[in-house]
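Each chain, letter by letter, is given below.
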Amino acid sequence: MKQSSKADDVYATPRHVAIIMDGNGRWAQRRMLPRSHGHKAGVDALKKTVRAAREFGIEYLTLFSFSSENWSRPEGEINELFALLRLFIRRDLAELHNNNVCVRIIGSREGLPSDVLNLLVEAEILTQNNNAQTLVIAFNYGARDEIARTVKLIASKVVNDEITLDEIDPQIISDHMDTHDIPDPDMIIRTSGEKRLSNFLMWQAAYSELVFVDCLWPEFGKTDLSDCLVEYRNRSRTFGGLVKDTAS
Ligand code: FPP
């Protein structure tokens, strides 16, 4: 729950940007291609965005890559998404590591194929001391699931006398979420024109600036990210307080 920006630099580059990469399927459909082509093109957009975010000085970039609700998609599409994740880690982990990028995974580790789980753990271990940028991959992630796992974890600590009931407050809850070591997102971007959070970072999004763009995810690039940063700088962030000019 750490607010990532100090009062004076809330209009500068956001420290943490999170993205709901939506519209792969529609991108493919419009080209009469199978949905899998849309996801492949989505990975290309993902790589470009990671690079652009680094160039713009964004410290944390979180990408919603597979939601806990995506299990309801046809098996073939789920396998395709898993295959793309495997390929991404096998092919691009070395480049991320060379660029001093720390990879973090959030989401439930239950139900994932063991080789996928091993690759995710391998990526986290290899890059754990890197500090140029943190790439957070939300995989098998759903905010309600995260909150439920957090409640269970805190309850087990209460039962074991590690935490008292009175100690439970928003900070303790944040400290037990998957994102316990990651600042809250300053800005959440969703592509494809849809305007909802879809169970993404619901606890952490309390004060995030929400930016909705019309382009489909495979079309998203450096210029779009730059436009989102401009939009962010035009927002006034008060975290429940008053706008500066009206505060006196
Ligand atoms: C939404 O598009 C996107 C996803 C469900 C997954 C996002 C995945 C990627 C960008 C590629 C995978 C990358 C890794 C590293 C695993 P949609 O299919 O819901 O599009 P639609 O709303 O147009 O159907």
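Higher on the page you've got the structure.
K.L.:
Residues and numbers for the nonpolar core, please.
P.N.:
In summary, soluble globular proteins display a tendency toward joint burial of nonpolar side chains. Judged by nonpolar contacts, the single largest core of 44 residues is most densely connected at Ile19, Leu135, Phe139, Ile189 and Phe220. In terms of residues, this core owes the most to one element, helix α3 (residues 75–98), which gives nine residues. Apart from the residues within four sequence positions on either side, isoleucine 189 is in contact with Val17, Ala18, Ile19, Ile20, Val211, Val213, Phe220, Leu225 and Cys228. Listed in part, the 14 residues of the second largest apolar core include Tyr60, Tyr141, Ile182 and Ala205.

K.L.:
Describe in detail the site of the ligand, supporting the description with residues and values.
P.N.:
Within the structure, the ligand sits among 19 residues, and Met21, Gly25, Arg26, Arg35 and Arg73 are positioned closest to it. Within the side chain of aspartate 22, one N or O atom sits 3.2 Å away from an oxygen atom of the ligand. At 2.8 Å, a side-chain N or O of arginine 35 approaches an oxygen atom of the ligand. Contact with the protein chains covers 91% of the free accessible surface of the ligand, which is 620 Å². Its atoms largely coinciding with the cavity grid, the ligand occupies the largest pocket. At the level of elements, α1 (24–30), α2 (35–55) and α3 are the ones that each hand at least two residues to the shell around the ligand. When residues of the shell around the ligand are assigned to their parent elements, the largest contribution, five residues, is made by α2. Its residues placed into classes, the shell around the ligand shows eight nonpolar, seven polar and four charged.

Scoring rules and cut-offs
- Residues numbered from 1 in each chain as written.
- Predicted model: local features only at pLDDT ≥ 70, side-chain atom pairs only at ≥ 80, totals over all residues.
- Heavy atoms only, no water.
- Core = buried A, V, L, I, M, F, W, Y, C linked by side-chain atoms within 4.5 Å.
- Buried < 20%, exposed > 50% of the residue type's maximum accessible area, 1.4 Å probe, protein only.
- Helix = DSSP H or I, 4+ residues; strand = E, 2+ residues; numbered from the N terminus.
- Contact = heavy atoms within 4.5 Å.
- Near = heavy atom within 4 Å.
- Polar contact = N/O pair within 3.5 Å; in protein donor to acceptor, adjacent residues only side chain to side chain.
- Areas by Shrake-Rupley, 256 points an atom, 1.4 Å probe, with all protein chains shown as cover.
- 1 Å grid on protein atoms, 1.4 Å probe; cavity = no way out; pocket = protein on both sides within 12 Å on 5 of 7 lines; lining within 4 Å.
- Sits in = over half its atoms within 2 Å of the grid points.
- Nonpolar A, V, L, I, M, F, W, Y, C, P; charged D, E, K, R; others polar.

Distances and angles like these do not, on their own, reveal function.
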